[in-house]
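# A look at the structure
Chain by chain, the residues:
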Amino acid sequence: MTLYDELAQINPSPVVELNRAVAVAMAYGPAAGLELVDALTEEKSLQNYHLFPSVRGDLLKKLSRFDEARAEFARAASLTQNARERELLLDRVRECVDGSTRPETQ
């Protein structure tokens, strides 16, 4: 995570901040990462970037917020141009439907 902090100093960008949020989530838990991701929601350069809702969906799923996660994965699937990525994201949508009645396993 320290390296992302340094990278953000040297070459600040919304994508670096998104990646830093993932590192924070891995180190301090999904709620901490989600807080950083949510701070980026108004960033115009991320509005049509499929990895933004994908990351947000992953963190929400880990927090057992399945309805919100499902919506984010569906949005990410609609934004990607890659058929395989779309397929994987739609699988995540289905996992949220199936997982909404049981806790997330990690």
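Heads up: these notes are all about the structure in this document. Given the structure is predicted, the values throughout are model-derived calculations rather than measurements. (Residues numbered from 1 in each chain as written. Predicted model: local features only at pLDDT ≥ 70, side-chain atom pairs only at ≥ 80, totals over all residues. Heavy atoms only, no water.)

What follows is about the nonpolar core. Ranked by internal contacts, the top residues of the largest apolar core, which has 19 residues, are L18, V37, F52, L59 and F73. For this core, the element with the most residues is helix α5 (residues 66–79), which contributes five residues. Setting aside anything within four residues of it in sequence, one finds L59 in contact with A25, P30, G33, L34 and V37. (Core = buried A, V, L, I, M, F, W, Y, C linked by side-chain atoms within 4.5 Å. Buried < 20%, exposed > 50% of the residue type's maximum accessible area, 1.4 Å probe, protein only. Helix = DSSP H or I, 4+ residues; strand = E, 2+ residues; numbered from the N terminus. Contact = heavy atoms within 4.5 Å.)

In this section: the pattern of salt bridges. Counted according to the given criterion, the structure contains eleven salt bridges. Where D58 meets K62, a salt bridge forms, and the shortest distance between an N and an O atom there is 3.3 Å. You can see D58 and its partner K62 sitting in helix α4 (residues 51–62), four residues apart, about one turn around the helix. On the basis of relative accessibility, which here comes to 22%, the residue D58 falls in the partly exposed class. (Salt bridge = Lys/Arg side-chain N within 4 Å of Asp/Glu carboxyl O.)

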